[in-house]
Amino acid sequence: QFSSSMNKPDDFDVWRLPDDDSVQKVTVQKDTMVPNAVTLVIEREDHTVGNLLRMELLEDKEVLFSGYRVPHPLEPAIQLKVQTKSEDPGPVKAVDTAIERSVATLDKIGEAFAKAKARH
């Protein structure tokens, strides 16, 4: 009997980084063809984080382009590409700011949920 999941990685390996530090959570690759652009490879993440960061980056007036892709459905990583108008603040700083804003938004949602839960 043929199993369609024979190439599928173990679920545990898809979401957890190895304990031996052989895989970095985030790596930054400077784009040599496009000015003020980088590609971040974010390990063990999927469309949830990719789309959240993409949308938050597109709210930044200094960001010219933000997009992500999942290179392969069996590879547990996303590639986030960001281009800014200039080196200052630059794409890495733009991602840092987008992460901070996302965390702040999620904190507000958590607080609102706690209040709603207390009323319920």
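Residues numbered from 1 in each chain as written. Predicted model: local features only at pLDDT ≥ 70, side-chain atom pairs only at ≥ 80, totals over all residues. Heavy atoms only, no water.

1. Brief notes about the overall build of the protein
In terms of regular secondary structure, the protein is built from three helices and four strands. Secondary structure elements of the protein, listed N to C terminal, follow the sequence α-β-β-α-β-β-α. Across the 120 residues of the protein, 26% fall into the buried class. Accessible area for the protein stands at about 8,500 Å²; split by element, carbon and sulfur atoms hold 56% of it. (Helix = DSSP H or I, 4+ residues; strand = E, 2+ residues; numbered from the N terminus. Buried < 20%, exposed > 50% of the residue type's maximum accessible area, 1.4 Å probe, protein only. Areas by Shrake-Rupley, 256 points an atom, 1.4 Å probe, with all protein chains shown as cover.)

2. Observations regarding the side chain of T84
Inspection of the secondary structure puts T84 in strand β4 (residues 77–84). When its relative accessible area of 1% is taken as the criterion, T84 is described as buried. Aside from chain neighbours lying at most four places away, what touches T84 is P35, N36, E62, V63, L64, G90, P91 and A94. (Contact = heavy atoms within 4.5 Å.)

3. Thoughts on the pattern of salt bridges
In this structure the tally under the stated criterion is six salt bridges. The partner of E87 in a salt bridge is K30, with the nearest N and O atoms 3.8 Å apart. Taken as a pair, E87 in the loop between β4 and α3 (90–119) and K30 in strand β1 (residues 26–30) lie far apart in primary sequence, 57 residues in all. Taken as a pair, E87 and K30 share a single burial class, namely exposed. One salt bridge connects E56 with R101, and the closest N-O pair in it is separated by 2.7 Å. (Salt bridge = Lys/Arg side-chain N within 4 Å of Asp/Glu carboxyl O.)

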